[in-house]
Each structure stands twice: as C-alpha cells, then as structure tokens.
Amino acid sequence: MSDTDHKPEPEAPAREPILNLPPAVKALLIANLAVHGVRLLLPAEIDFGVVLTFGFIPARYTLPGLFGWPALVSPASHMFLHGGFMHLLVNMVTLMAFGAGVERRIGGPRFVAFALACGLVGAAAHLAVYPFSIAPVIGASGAISGLFGGVLRFLTRRHGPAAPMAGIWPVALLWIGASLLFGLTGLPGEGPGGGATIAWAAHIGGFLAGLLLFPLFDRQRPGRES
C-alpha cells in the first residue's frame, strides 16, 4: 500500500455553540433563570413573601419604622426577581442582545459592576419619583436599560473622543418617550397582584446612567477597537 492510502481524515471544524455568550452574561442569565425556577416551586404565599422581602420598596427609606435589612439588599436583589414568564423572557432576551457586546468591550468584572450600577441608579430614580410607594419593584429592566445606554455610548466612542453624541439623542428620546408611555398607561402582566406596570423612572434612570457612566468603565481608548 502507498502512503496515500493512510492519510488522516481532516478534522471536522469545531461547532459553535447556539448561544455564543460571554461568561458574565451567561452567568447572569443562568442566575435569573435559576431564581425564577425556584420561585415556581414555592407556594404562592411564600413567593409573595419573597417579592415583598427582596423587591425594591421606596417606602422602606422614607416612612418611619420600615427600614430593615431588606432595605440593604433589595436595591440589588430586586433585579433577579420577575413578575412572570413574559417579563423574564423579555429581560433575558434584551440582556443577551445588549449585554454581550458591552461585556466583550469592557470585560466581565467591569460589565457586572456597570450593570449593577445602572440598576442601582434606576432604583434610586424610582425612589425619587415615588418616595412613599409600598409597591415592590422587581426585574432587571433598570440595569438592562443601562446596558442599552452603554451600547449607544460605545458605538459613538469608537469613532474617537471628539465624535459628536448628537446621533444618540433621537434614539435616547425615543427610549425615554416609550418608557414614559408604557409606564403611565400600564401594560397587562403577571405578578403578585394579578397585573404589572412598567417602572418607567427606573428604566429612564438606568438608561441615563448607562449613557453617562459608560466611559468610566470603558477599558479601551476611544477610537481604538480591538
């Protein structure tokens, strides 16, 4: 036999995963799905208690006698609770859509810190607008709105430090207007009270935080893309 009879077969190319997500986005996705999955196993009254404890309630900070340990954790913990499957689905799809590009740009640790900062600013904005509300706010929408703001900002920064932000503002105003519209008119949803509304102030606060804070987390110099 000639040597040509024993040529090794070419290796099959490695198959790309269906969801080619960076690690921090994937970790947040799994964490949110896991929390929601556990909540589905809880009796309704216990799950309602979880929402009341770990949801963000402005009155805890403004009315006497309500401040306690939940007030310390709920600005972050409320981001991992969702009102129902559709609420979870929309937030996780947008997390993947906006978060992947942001994490690849600034890295995993900075991405997590950036998303958390946007979510905290979103909660603070809701507190400022509804300081005495006793309704718990849940969901990662403030953080995800910030990721969208970050996406808009780095798309501008990639063209250099002197690149004008004028092109951002029509999109920004559209996002703010939609948040106001849906927040003030309300949307049907799933939640402890049988329905859900949009926390528009948290959306807008998180979005503006993303626009303004992104340069502080950006590890690349404007105009230099890796």
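Residue indices follow the written sequence of each chain, beginning from 1 at its first position. Reporting in this predicted model follows two pLDDT cut-offs: at least 70 for local features of residues, and 80 or more for side-chain atom pairs to be given and counted; totals over whole chains, interfaces and linings ignore these cut-offs and use all residues. Side-chain metrics rest on all non-hydrogen atoms present in the structure, leaving aside hydrogens and water.

Novice: Sorry, what's going on with the nonpolar core here?
Specialist: Soluble globular proteins tend to bury their nonpolar side chains together. We define the nonpolar core as a collection of buried residues of types Ala, Val, Leu, Ile, Met, Phe, Trp, Tyr and Cys that are connected through side-chain atoms lying within 4.5 Å of one another. Partly exposed describes any residue whose relative accessible area lies between the buried limit of under 20% and the exposed limit of over 50%, with all areas from a 1.4 Å probe on protein chains only and scaled to the type maximum. Residues L95, V102, I106, F111, F114, L147 and F207 are the most contacted members of the largest nonpolar core, which totals 36 residues. Of all the secondary-structure elements, those providing two or more residues to this core are α1 (23-41), α5 (85-106), α6 (108-129), α7 (141-157), α8 (168-185) and α9 (200-217). Secondary structure elements follow DSSP: runs of H or I of four or more residues count as helices, runs of E of two or more count as strands, with numbering from the N terminus. If one sorts the elements of this core by residue count, α9 sits on top with eight residues. In contact with F111, other than residues within four places in its own chain, are A24, V25, L28, L95, G99, V102, E103, I106 and L147. By size, the runner-up hydrophobic cluster in this structure holds five residues, among which are F56, A123, A199 and A202. We call two residues in contact when some of their heavy atoms are within 4.5 Å.

Novice: How do you make sense of the layout of surface pockets when you look at a structure like this?
Specialist: Leftover empty space is mapped by rolling, across the atoms, a probe with the size of a water molecule. When its volume is computed, the second largest pocket comes out at roughly 190 Å³. When residues of the lining of the second largest pocket are traced back to their parent elements, those giving at least two are α1, α5, α6 and α7. Any residue that is not Ala, Val, Leu, Ile, Met, Phe, Trp, Tyr, Cys, Pro, Asp, Glu, Lys or Arg is counted as polar, Gly included; the first ten are nonpolar and the last four charged. Of the residues in the lining of the second largest pocket, the class split is 13 nonpolar, one polar and no charged. Only protein atoms enter the 1 Å grid, on which a cavity is a set of points fitting a 1.4 Å probe that cannot get out and a pocket is an open set with protein on both sides within 12 Å along at least 5 of 7 lines, lining residues being those with an atom within 4 Å of a point. Grid points are joined across faces, edges and corners, and a volume is the space filled by probe spheres set on the points.

Novice: How should the packing of α1 against α5 be read in this particular structure?
Specialist: Between two packed helices, the angle of one axis relative to the other and the distance separating the axes together describe the packing. Note on definitions: angles span 0 to 180 degrees between N-to-C directions of axes, and those axes are lines fitted to C-alpha atoms, for helices only across the stretch in contact. Packing of α1 against α5 brings their axes to within 9 Å, and their N-to-C directions diverge by 170°. With respect to each other, α1 and α5 are oriented roughly antiparallel. Residue-level inspection shows P23, A24, V25, L28, L29, N32, L33 and H36 of α1 in contact with α5, the latter providing F85, L88, M92, L95, M96, G99, A100 and E103. By residue class, the composition of the contact of α1 with α5 is twelve nonpolar, three polar and one charged. To sort the angles, those under 35 degrees are grouped as roughly parallel, those over 145 as roughly antiparallel, those from 65 to 115 as roughly perpendicular, and the leftovers as oblique.

Novice: I tried to follow the packing of aromatic side chains on my own but got confused; where do I start?
Specialist: The description of two aromatic rings rests on the distance between their centres and on the angle between their planes. Two rings from Phe, Tyr or Trp (for Trp, the six-membered ring) form a pair when their centres sit within 6.5 Å of each other. Planes less than 30 degrees apart are called stacked, planes more than 60 degrees apart edge-to-face, and all others tilted. By the definition in use, this model includes eight aromatic pairs. Through a chain of ring-to-ring contacts, the aromatic side chains of F56, Y61 and F67 assemble into a single cluster.

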